[in-house]
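Survey of secondary and tertiary structure
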Amino acid sequence: MNMQARFHIRQGGFNLHADLKIPARGVTALFGPSGCGKSSLLRAIAGLDRHTDGYFKFGAEIWQDQQQFLPPHKRPLGFVFQEASLFPHLNVRRNLEYGVKRTPTSARFISLEKAVSLLGIQNLMERSPGTLSGGEKQRVAIARALAVSPRLLLMDEPLAALDQARKQEILPYLETLHDELQIPILYVSHTLEEIARLADHLILFGTEGVIDSGPIEEMLTRLDLPLAHSADAATIFNAKVVGFDQTYHLTHLQFDGGELTVPGMSLQLHQPVRVRIAARDISLTLQRQSSTSIQNIFAASVAEMMAEGDSQVTVRLNVGGVPALARVTQKSAAELELAPGCSVFAQVKSAVLLG
Amino acid sequence: MNDADLTALGITLQLAAITTLTLLVIGTPLAWWLARSKWRFKFVVEALVAMPLVLPPTVLGFYLLMALGPNGPIGGWMQAMGGQPLAFTFTGLVLGSVIYSLPFVVQPLQDAFSAVGRQPLEVASTLRASPLDRFFSVAVPLAAPGFLTAIVLGFAHTIGEFGVVLMIGGNIPGKTQVVSIAIYDHVEGMEYANAHWLSAGLLVMSFCLLVLVYGLNRKFRVVKL
């Protein structure tokens, strides 16, 4: 199932043309610099702003076209705003019940209790919004949006108004939503870290509008897009826990490109996990090194290369079908005679598990 | 206080209550529209609403009398339709008071609705609330202090009016004579004791009402007078 969005948004300082096909599953990130129109696109999809000639189709249902326009309260969606915007005249419980009461019983598939437990707000139910911290407010706002049993969840920079500690408090809950609910989520953000942890699919915005869209693994590693050239460029892929090394306290992860060993044993067997490897944490050799401290070495081939400034080069690798980025110096690249098609060994110095 | 004074007091309170209720019914949608509309000539409507603040009440009363009397356009039409002209009737008083006290109800409501802003209503719309539903379930409760101010000011200001009721009501005891005019009559007739009773009563009542408004505003910090 897909969503189709076609909007021409003229507003303030920008003029955004978007013609997108968005998968109606998983988390799709609308990612780009502030003020590029991604929030406006989200509001248009929700029907909060009405743009003439707009078109939005959710699966087989047309929410907006030339003839018709469903107002927001008739769209089966949930919306999380940047500011939590809880109703100050209602306590937490009644904030949550506000939407539930207005959702027909036949359309409910997430109970109030489920929404409450997913966001861990059981102890806040009788509190007044004014007494909650910023992070608590946003968790209540997310639970409130879920409690209307949305078939599409729209989140407009839900963490942008929070400090780093509060963000870290909420991110695990968002990951839980992603894993436990079958609801497609459109997630607006300008922070790569959030995207790396949450998104399956990425719509990349530039100052001129939508640049391109695709699966996150591809979008992060495509050398024709800006993400692969940032200082913290990285590769993301999904893996699964396949075993442990009790002696050295290690975890073995299986991914399409092979087996990755990481320190620690905090995960469960068969647990899915998302792995991020920074481009600067991958080094390249022509022969497999045997006497090295690096545990993770993968056979790979060079797919593409692009110079970064005068001294570095970004290399896109193919590791058994998984795209990965390596950032090396131009001197090393010359000495190894790297070129597209070369067979190399990728040495992974460290990997980050993203829950 | 004699019987005539008590009757005048009763009429005054009745007039203030009916006027305030009428103003809430008319003023709420008007204030809502003024707070939300982006129409470029909205300021003309705002100026019209504020007119009674600056006009001498006698001017308003004079034109109302002209319009509502048997020879006026509205009064003549009502007579032609088989009704009574509104001049010198209680209904005429209500009409005059509604116009005269309009800004005292509309302005606090408009301020309160503006302070609510769009965000809570947008949130409500994403929680399945229809426009009318979100008006009553979100906008009205959030604007509650504004409603309180509007009710108290509309009521108190109607009690205090003189010029309009004199012109349009004609000071008929038991029918259109209100307290402010009764006081005037007492002073004219050198009955200072009666004038004192009524005046002090109005003074105390007005003070109490305003204490209520300012006290609650301090708590809510929403509407300024």
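From a predicted model like this one, the values you see are computed outputs, not experimental measurements.

About the thresholds
Residues numbered from 1 in each chain as written. Chains lettered and ligands numbered in written order. Predicted model: local features only at pLDDT ≥ 70, side-chain atom pairs only at ≥ 80, totals over all residues. Heavy atoms only, no water. Helix = DSSP H or I, 4+ residues; strand = E, 2+ residues; numbered from the N terminus. Rg over C-alpha atoms; globule rule 2.2 N^0.38 Å. Buried < 20%, exposed > 50% of the residue type's maximum accessible area, 1.4 Å probe, protein only. Contact = heavy atoms within 4.5 Å. Areas by Shrake-Rupley, 256 points an atom, 1.4 Å probe, with all protein chains shown as cover. Lys, Arg positive; Asp, Glu negative; His and termini not counted. Charge placed at Lys NZ, Arg CZ, Asp CG, Glu CD. Domains from an automatic or database assignment. Salt bridge = Lys/Arg side-chain N within 4 Å of Asp/Glu carboxyl O. Polar contact = N/O pair within 3.5 Å; in protein donor to acceptor, adjacent residues only side chain to side chain. Nonpolar A, V, L, I, M, F, W, Y, C, P; charged D, E, K, R; others polar. 1 Å grid on protein atoms, 1.4 Å probe; cavity = no way out; pocket = protein on both sides within 12 Å on 5 of 7 lines; lining within 4 Å. Points joined across faces, edges and corners; volume = space filled by probe spheres on them. Pairing = 2+ DSSP bridges. Axes fitted to C-alpha atoms, helices over the stretch in contact; angles between N-to-C directions. Core = buried A, V, L, I, M, F, W, Y, C linked by side-chain atoms within 4.5 Å. Parallel < 35°, antiparallel > 145°, perpendicular 65-115°, else oblique. Left-handed = near helix turned anticlockwise from the far one by under 90°.

**A few points about the overall build of chain A**
Within chain A, the secondary structure is distributed over 8 helices and 20 strands. For chain A, whose C-alpha radius of gyration is 22 Å, the value lies close to the compact-globule estimate of 20 Å for 355 residues. Dimensions of chain A, computed from C-alpha atoms along their principal axes, come out at roughly 65 × 50 × 35 Å. A burial count over chain A gives 53% of its 355 residues as buried. For chain A, contacts bridging at least 24 residues in sequence account for 65% of all contacts bridging at least 6. Put simply, chain A shows about 15800 Å² of open surface, and 48% of that area lies on carbon and sulfur atoms. Computing the positive centroid from 34 side-chain charges and the negative centroid from 35, chain A places the two 8 Å apart.

**Looking at the domain arrangement of chain A**
Residues and elements named next belong to chain A. When cut into domains, chain A gives domain 1 (2-229) and domain 2 (234-354). Between the C-alpha centres of domain 1 and domain 2 the distance comes to 33 Å. Across the boundary between the two partners, domain 1 contributes 15 residues, which contact 18 residues of domain 2. Taken together, the connections running from domain 1 to domain 2 amount to 1 salt bridge. Its salt-bridge partner being D200, residue R274 comes within 3.1 Å of it at the nearest N-O pair. In this assembly, domain 1 and domain 2 are joined by 5 residue pairs in polar contact (both at pLDDT 80 or more). Elements with a minimum of two residues in the side of domain 1 that touches domain 2: helix 6 (192-198) and helix 7 (216-221). Ranked by residues supplied to the side of domain 1 that touches domain 2, first place goes to helix 6 with 5 residues. Considering only residue class, the side of domain 1 that touches domain 2 consists of 8 nonpolar, 2 polar and 5 charged.

**Notes on empty space enclosed by the protein**
Residue and element names in this part refer to chain A. In total, this model carries 4 cavities of 30 Å³ or more according to the counting rule given. The space that makes up the largest cavity amounts to roughly 90 Å³. What lines the largest cavity is simply T235, F237, F255, I277, I282, F298, L317, V319, V322, A324, A346 and V348. Secondary-structure elements contributing two or more residues to the lining of the largest cavity are strand 11 (234-245), strand 17 (312-319), strand 18 (322-329) and strand 19 (343-348). Considering only residue class, the lining of the largest cavity consists of 11 nonpolar, 1 polar and no charged.

**Thoughts on the sheet that holds strand 7 (residues 152-156) of chain A**
All names here are of chain A. Read across the open sheet, the 6 strands follow the order 6-7-8-3-9-10; overall the sheet is mixed. In this open sheet, the two strands that pair with only one neighbour each are strand 6 (77-80) and strand 10 (209-215). Each strand of the sheet is rotated relative to its neighbour by a mean of 15 degrees, with strand direction disregarded. Here strand 7 pairs with strand 8 (residues 185-189) via 4 bridges, running parallel. The residue of strand 8 that forms the bridge with D156 is V188. Most of the contacts of helix 1 (residues 38-46) go to strand 7, to which it runs at about 150 degrees, and overall it touches strand 3 (27-31), strand 6, strand 7, strand 8 and strand 9 (201-206). In the packing of helix 4 (residues 134-146) onto the sheet, the strands contacted are strand 6 and strand 7, and the crossing angle to strand 6 comes to about 170 degrees.

**Description of the sheet that holds strand 17 of chain A**
All names here are of chain A. Ordered in space as 15-19-16-17-18, the 5 strands form an open sheet in which the pairing is antiparallel. The open sheet is flanked by strand 15 (282-285) and strand 18, the only strands paired with a single partner. When strand polarity is set aside, the average angle formed by the axes of neighbouring strands in this sheet is 45 degrees. For strand 16 (residues 296-308) and strand 17, the ladder comprises 7 bridges, and the chain directions are antiparallel. Within strand 17, the position partnered with M306 by the bridge is T314.

**Regarding the nonpolar core**
Ranked by size, the top nonpolar core spans 72 residues in total, and within it A:L41, A:I45, A:F56, A:L152, A:L154 and A:L186 carry the most contacts. The dominant element in this core, judged by the number of residues it contributes, is helix 5 (residues 90-116) of chain B, at 11 residues. Setting aside chain neighbours within four positions, we find A:L152 in contact with A:M3, A:I45, A:F56, A:F58, A:W63, A:P76, A:L77, A:G78, A:I183, A:P184 and A:L186. By size, the runner-up hydrophobic cluster in this structure holds 51 residues, among which are A:L132, A:A143, A:L198 and A:L354.

**Structural notes on the packing of helix 2 (residues 42-54) of chain B against helix 5 of chain B**
Residue and element names in this part refer to chain B. Closest axis-to-axis distance for the helix 2/helix 5 pair is 7 Å, and the angle between their directions is 125 degrees. For the element pair helix 2 / helix 5, the angle class is oblique. Regarding helix 2 and helix 5, the two cross each other, and that crossing is left-handed. Along the contact surface, helix 2 presents E46, V49, A50, P52 and L53, while helix 5 presents I99, Y100, L102, P103, F104, V106, Q107 and Q110. Of the residues assigned to the contact of helix 2 with helix 5, the class counts are 10 nonpolar, 2 polar and 1 charged.

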